[in-house]
Amino acid sequence: MNPFSSGTRLRDMIRAIRACKTAAEERGVVRKECAAIRAAINENDQDYRHRNLAKLMFIHMLGYPTHFGQMECLKLIASAGFPEKRIGYLGLMLLLDERQEVLMLVTNSLKQDLNHSNQYIVGLALCALGNICSAEMARDLAPEVERLLQFRDPNIRKKAALCSIRIIKKVPELAENFINPAAALLKEKHHGVLITGVQLCTDLCKASEEALEYFRMKCTEGLVKTLKDLVNSPYAPEYDIAGITDPFLHIRLLKLLRVLGQGNEDASECMNDILAQVATKTESNKNAGNAILYECVATIMSIEDNGGLRVLAINILGRFLSNRDNNIRYVALNMLMRAITVDAQAVQRHRATILECVKDLDASIRKRALELVYVLVNESNVKPLTKELIDYLEVSDQDFKGDLTAKICSLVKKFSPEKIWYIDQMLKVLSEAGNFVKDEVWHAVIVVITNSPDLHGYTVRALYRAIQTTADQESLVRVAVWCIGEYGDMLVNNIGMLDVEDPITVTESDAVDIIEIALKHHTSDLTTKAMALIALLKLSSRFPVCSERIKEIVVQYKGSLVLELQQRSIEMNSIISKHQNIRSALVERMPTLDLLQWEEQQSGSIPNTTSTPAHASINIPNGVAKPSSAPLVDLLDLNSDDVPAPSSSGGDFLHDLLDVDLSKQSGVNHSPNNGTNALMDLLSIGTPTQSNSAISDLLNSGQENKAPVSPLDVLSSPSSNSIQPTSFAGTIDLLDSFATNSPIQESNGPAYPSVVAFESSNLRIGFNFSKLPGYPQTTLIKATFTNLSSSVYTDFIFQAAVPKFLQLHLEPASGNTLLASGNESITQTLKVTNSQHGKKSLVMRIRIAYKMNNKDVLEEGQINNFPQGL
């Protein structure tokens, strides 16, 4: 006989395929066999049709296409004999699915077989329908399946129940037709019918509220009785697993009771006793018993409140946590995560066991236990739990330190009882896993430090000790460098000593050594080195005896290939060498940052109001800064609801002040709107297109007035110009000249009426408007300030802020002294670009600060009366 004829037996084909030594040889055998089967199909060979379909099913299981044999399934199903139908239905379930259009042709055959007198053929049809039933077939055949739920043979009833489950999943509106037949199945004595009936009732309750209410009223007591009989039943070898009687029926009944008891007090009360009995009588030394206990706990947690039962359930989960099986411990942790929302106090009793799971060898258990510990922490237990987690941080795996560090930092921030404890714990975390800490975390540490003036000395000494022992944790080095730069004098002079700390002896040279080591350490990145240079500049003012040494360290980077370091080195060297008269003002201590607002910005609950529009710039005229006593964030009253909030896409002012965005190479161009904020704009260093450096911009407005500059870390803003490192080869002294910016040239544009922008009893501000040719969106405003009082105004400062659709540039004012009674005015030019020209009008918020009779005066207002067309 031809080995590839249609008469080849299935076993011969399988033997030939398995004898193939290569995939290509196997494909050849399958191709020849498929060709023979096609030929037999074309010849309508009825003698070997069942054999050919059996071969096709094996070929299909190997992954080869067999769609050409789908119609053979339908022909075999339409046959009269049971063997042919059996192969046909098996092929139907394997070769087709509910998405095949061919399936529509088999509906009539299924209907006939469901009404067949042979119960085995009825069973074949139910089995096929339960596997591949589509929504259309479900609607057509649901009456036959419903009728078969009351068939005399229990095997048919069992298969009909399973088929009904698929029907109600496909067509939920048919659920009401199966309620009464399903309820009758719950009284069955046959094990198979009972377990499938319980599953059918569970799915009916999920699909239909009507079914749920019906089963609650009619069947809850019966189900409780069935479960009670099962728990108390004697040994039954037929359904016994490891000494547990019928655990599968146990679990099915518990799941149905869970659905019935959820949200219903009467049903919950009815099942309380049996649930307690299951929880106490089931053995937990076998896996089958643990499965029953888990479902029992899930049921107790889902039904209505019963405090005693829930404590019992949580104690069972506590025992699970001590099990050696990782799967049991994992599901226990999952269930405890749900239970803590119901009874947190009961879960707290197992806190020690949960903490041990954090140290487990299994990564999944560690992560789940850490999430549970995070939820368990509150104000009363934050200290012991945090101590345990930090102790484990020292020995934890490297791949787990990231998650563990993030959770510890979040807990310390959320539940910190006092600032000194917060600082202590964060320093421990930075010392142990500083390389795993996100930037936002060490930013927050610095913000808290600035808001704790009585802890400045304590913190800088603690950081000094920490960095001497741990110099390879980047985040720790950054915080330490920043604090030593800010509070180095407190470190050397032991200022602010607390009772809990021991005094240490640190000289000015020792403090500079720490910064130098951080600057030259091989692991330090650009951000750390830039912060170290800033710290050195500050220490040069705080420690005059070390000024020359600091200058030597700074000069070493004048030839650095990194533009950012090169520029900083040149500017700082110039400050130390030639501009000592302004150095102390430049490096004054950072002002206290608004902790609450910063936290809200980090959480995204409020927009980042400290960012300004792209290219927006507000110069401080005559080098005079706003008094440092005024709140930093409220410098321009940017939180007012009257003015639209500026763009929040740039990061916050702390981000810029701490110079923390230096991870990218300086040659990369950044959007002007990113990393720029109101503070940087006020110092005219937020616009990357300016050719001069941050400090030269600050000093560009003139040198005749040497009033103290605001204590801001203006040197921290990295340059974003794409300049090659050789651009400073000539060592140009950027601070050697104080040439003012060339004034904006006004032109004769359309005439706009002058307006009185602001007037009070002491001051009048008038605006004159003009346009640049070809730039209708740009408006030049000449502001005239007139003193209406009889006193002279000194240290006069004008500041302005605009919404994000406007761009503002201020030229230096003509002076900073305003004579009395309008004898002489001060003028200042503003350039405003309206990106919504023709759609939105100009709007501006202004603030004027000056001294009258040696007293600080502050006036502010909003300007809305701009002429139309600007």
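Everything below is about the structure shown above.
Participant: A description of the pairing of strand β3 (residues 755-759) should follow, citing residues and the corresponding values.
Facilitator: Here β3 pairs with strand β4 (residues 763-772) via four bridges, running antiparallel. Of the residues in β4, the one forming a bridge with V756 is G766. Taken together, β3 and the strand that follows it, β4, pair antiparallel across an intervening segment of three residues.

Participant: Requested: an account of the pattern of salt bridges, with residues and values cited.
Facilitator: Enumeration over the complete set of coordinates arrives at 30 salt bridges. Across the salt bridge formed by K225 and D229, the nearest N and O atoms sit 3.3 Å from each other. Remark: D229 and K225 occur in helix α13 (residues 220-231); sequence separation between them is four residues, near one turn of the helix. The class for K225 is exposed, based on a relative accessible area of 53%. Residue D229 is classed as partly exposed on the basis of its relative accessible area of 43%. The partner of K851 in a salt bridge is D795, and the shortest N-O contact between them spans 3.8 Å. Of this pair, K851 sits in strand β9 (residues 844-852) while D795 sits in strand β6 (residues 793-801); the two residues are 56 residues apart in sequence, bridging distant segments of the chain. For K851, a relative accessible area of 31% puts it in the partly exposed group. Shared partners join several salt bridges into a network, and the residues in it are D513, E516, K520 and R549.

Participant: Any chance you could break down the sheet that holds strand β10 (residues 855-863) for me, citing the residues and the numbers?
Facilitator: Spatially, three strands are ordered β6-β9-β10 in an open sheet, and the strand pairing comes out antiparallel. For this open sheet the edge positions go to β6 and β10, each flanked by a neighbour on one side alone. Going across the sheet, the axis of each strand differs from the next one's by a mean of 15°, ignoring polarity. Of the pairings in the sheet, the one linking β6 to β9 comprises seven bridges and is antiparallel in character. Each residue of the ladder has a partner; that of Q799, found in β9, is R847.

Definitions and cut-offs
Residues numbered from 1 in each chain as written. Predicted model: local features only at pLDDT ≥ 70, side-chain atom pairs only at ≥ 80, totals over all residues. Heavy atoms only, no water. Pairing = 2+ DSSP bridges. Helix = DSSP H or I, 4+ residues; strand = E, 2+ residues; numbered from the N terminus. Salt bridge = Lys/Arg side-chain N within 4 Å of Asp/Glu carboxyl O. Buried < 20%, exposed > 50% of the residue type's maximum accessible area, 1.4 Å probe, protein only. Axes fitted to C-alpha atoms, helices over the stretch in contact; angles between N-to-C directions.

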